[in-house]
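# Breakdown of the fold
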Amino acid sequence: MSFAEDVIRVIRSSMEKIQRPDLFRKPICGFSAADDPRYKELKTVIGPWHCLPTELLPEAKTVISYYVPFTKEVAKAPKNGGNLALWAESYEVVNRAFDFVGEQVVHFLQERGYQATGFAATHTFDPKLLRSPWSHRSAAVISGLGTFGKNRMVITEKGSAGRFCTVFTSAEIPPTPMPEEEFCLFLKEGRCGLCVKACPANVLAEDQWQPFACYDHCLENAAVLTSERNDFKDGDVCGRCIGVCPRRYME
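Below: a short report on this structure.

Parameters and conventions
- Residues numbered from 1 in each chain as written.
- Predicted model: local features only at pLDDT ≥ 70, side-chain atom pairs only at ≥ 80, totals over all residues.
- Heavy atoms only, no water.
- Pairing = 2+ DSSP bridges.
- Helix = DSSP H or I, 4+ residues; strand = E, 2+ residues; numbered from the N terminus.
- Axes fitted to C-alpha atoms, helices over the stretch in contact; angles between N-to-C directions.
- Contact = heavy atoms within 4.5 Å.
- Patch = residues over 30% accessible without salt bridge, like charges linked within 9 Å, V, L, I, M, F, W, Y side chains within 5 Å.
- Areas by Shrake-Rupley, 256 points an atom, 1.4 Å probe, with all protein chains shown as cover.
- Salt bridge = Lys/Arg side-chain N within 4 Å of Asp/Glu carboxyl O.
- Buried < 20%, exposed > 50% of the residue type's maximum accessible area, 1.4 Å probe, protein only.

Pairing is antiparallel in the open sheet, where four strands are placed in the order 1-2-6-3. In this open sheet, the two edge strands, each paired with only one partner strand, are strand 1 (28-33) and strand 3 (116-119). Put simply, the sheet's adjacent strands are angled 25° from each other on average, direction ignored. With four bridges connecting them, strand 3 and strand 6 (residues 162-169) associate as antiparallel partners. Its bridge partner lying in strand 6, Gly 118 is registered against Val 167. Where helix 5 (residues 84-111) meets the sheet, it contacts strand 2 (62-69), strand 3 and strand 6, and its direction lies at approximately 25° from that of strand 6.

Let us now look at a nonpolar patch on the surface. On the surface, a cluster of nonpolar side chains totalling about 260 Å² of accessible area is made up of Val 45, Ile 46 and Trp 49. With respect to the element layout, Trp 49 can be found in the loop between helix 2 (37-45) and helix 3 (53-56).

Side chains that differ in sign of charge can pair as their charged atoms come close. One pass over the structure, following the stated rule, counts eight salt bridges. Two residues, Arg 20 and Glu 89, come together in a salt bridge whose shortest N-O distance is 3.1 Å. Remark: Glu 89 occurs in helix 5 and Arg 20 occurs in the loop between helix 1 (3-16) and strand 1; sequence separation between them is 69 residues. With a relative accessible area of 24%, Arg 20 lands in the partly exposed category. Given a relative accessible area of 23%, Glu 89 falls into the partly exposed group. When salt bridges that share partners are traced, they join Arg 20, Asp 22 and Glu 89 into one network.

Attention now goes to the side chain of Thr 166. Its place among the elements puts Thr 166 in strand 6. Those residues in contact with Thr 166 that sit more than four places away from it in its chain are Val 63, Ile 64, Tyr 66, Gly 118, Phe 119, Trp 134, His 136 and Ala 139.

Glancing now at the pairing of strand 6. Across the eight residues that make up strand 6, a large majority, eight, are buried. Alternating residues of strand 6 divide into Gly 162, Phe 164, Thr 166 and Phe 168 and Arg 163, Cys 165, Val 167 and Thr 169, and every residue in both groups is buried. Looking at chain direction, strand 2 and strand 6 are connected through eight bridges and run antiparallel. Bridge assignment links Val 63 to a residue of strand 6, and that residue is Phe 168.

That is the geometry; function is a separate question.
So this is what it looks like as structure tokens:
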């Protein structure tokens, strides 16, 4: 078993301990070099506030990106505003799980003499400027896990309904090859566009991404969800663009 396979085993076994097969499927994982020039390009594509891997871990040689795909039931939950509570529950459970998974991966690497650190799964952004020092989705694409869709979400070989997280390490792990195909049907063939029509905040129309309108709508959902259930910590989710995506769930 290669070192990369050992890391993947730790990620998968850690997620299994969460014991929520009703919400999640087996994680997939990708690797990229910390000095991949695309990380430097993110300072232009996203903004100068986006960090390089070595700004988060000076000794970083590899970026480990992992994706936890949702089950078919969860993947279809937000379609047309359907079971938003199930979608929100999946987000909250996996965000907490990522804290545990990250700790296990970091511990595994440190036990073997490598430097390692994780990055929080969510709410790492400035709520006024909507700026985060790290994009898990961009790291996932650079690490070969998938391609960006029309809705700015990442579509992987297991679909687009799921969550990403990242660990940085001084261990050198061979990069994962990039996907050979474009997963988004709109970007690949010019057809589909269901996510554009489904967006209740109209943030994808005319190719103009409007993050503040998207976030405002998510906050509206949070207000409704938290008023209905006191077990939701945040609930600022939506997912309608994913709920209608033909690639939301892939085996």
